[in-house]
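Okay, here's what each chain looks like letter by letter:
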Amino acid sequence: MARQRAFDKEAALETALLAFWRHGYEATSIAELTAAMGIRPPSLYAAFGDKRRLFEEAVRRYQETYGAFTTRALAEEPTGRQAIERVLREAADEYSSRSHPTGCLIITAAVNCGPESAEVEELLRGFREGSKAALKARMDDDLAAGRLPAGTDTAGLATFYAAVIQGMSTQSRDGASRTDLLHIATLAMSAWPHNPADPNDYGK
């Protein structure tokens, strides 16, 4: 009979996620991870493989939990504008929450990494690019429906809002409050292109 693990893998993964989120990928050592998770290095390697694969599992867990608000907002709101506004407002809530590390793991965990962490940087860059593409897709919906002016550069607009989201994450790490971040969200939405032909008058 296989020997049962002496620890809760899901709880250990959550602990690792929080450590990576708080300190970043490179700054979080195996010694710090095993101490926080309450396991010995052989158990970590047996359960997760190595640090990089543990990080990849932590990122997946983050996307399914703390970071899932973006996917929900983009899927549930009836228009692209409403979806983007909800993403920004919920980012303000999540990034400033004191119930977990501030900011966004996908944005901050691989800042200032060395060449040996290039694969991790590329992994997170891919997720960020995927999120930007998802923003653009909802903007394209609004463009096709006539809610954005004809000829709107949705790629540029998506890049702008992705930059706002990344900036909100950084601001939260620097101590910005929920109120501060909501103000940023409001200002960012004032840049949404107004289409005079839209009967819903999204420019108001």
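Below, the structure is looked at part by part. (Residues numbered from 1 in each chain as written. Predicted model: local features only at pLDDT ≥ 70, side-chain atom pairs only at ≥ 80, totals over all residues. Heavy atoms only, no water.)

**A short note on the overall build of the protein**
(1) Moving on: Scanning the protein from terminus to terminus reveals 10 helices and zero strands.
(2) Moving on: Overall, the protein shows an N-to-C arrangement of helices and strands of α-α-α-α-α-α-α-α-α-α.
(3) Moving on: Seen through its principal axes, the protein has C-alpha atoms that stretch 70 × 35 × 30 Å.
(4) Moving on: Taking all 204 residues of the protein together, the buried fraction comes to 44%. (Helix = DSSP H or I, 4+ residues; strand = E, 2+ residues; numbered from the N terminus. Buried < 20%, exposed > 50% of the residue type's maximum accessible area, 1.4 Å probe, protein only.)

**Looking at the environment of threonine 34**
(1) Moving on: Its location among the elements puts threonine 34 in helix 2 (residues 30-37).
(2) Moving on: According to the relative accessible area criterion, threonine 34 is buried, its value standing at 8%.
(3) Moving on: For threonine 34 and methionine 168, which are 134 residues apart along the polypeptide, the C-alpha to C-alpha distance reads 31 Å.
(4) Moving on: In this structure, threonine 34 is in contact with Ile39, Arg40, Pro41 and Leu44, ignoring residues within four places of it in sequence.
(5) Moving on: Here alanine 31 takes part through its backbone oxygen, which lies 3.1 Å from a polar atom of the side chain of threonine 34. (Contact = heavy atoms within 4.5 Å. Polar contact = N/O pair within 3.5 Å; in protein donor to acceptor, adjacent residues only side chain to side chain.)

**Here's the deal with helix 10 (residues 178-189)**
(1) Moving on: Across its 12 residues, helix 10 extends 16 Å between first and last C-alpha, which sits within 8% of the 16 Å expected from 1.5 Å per residue.
(2) Moving on: Every buried residue of helix 10 is listed here: Leu181, Leu182, Ala185, Ala188 and Met189. In a view along the axis of helix 10, the buried residues occupy a sector of 120 degrees, so they form one face of it. Turned more than 90 degrees off the buried face of helix 10, the exposed positions are Thr179, His183 and Leu187. (Expected span 1.5 Å × (residues − 1). Arc of directions from axis to C-beta.)

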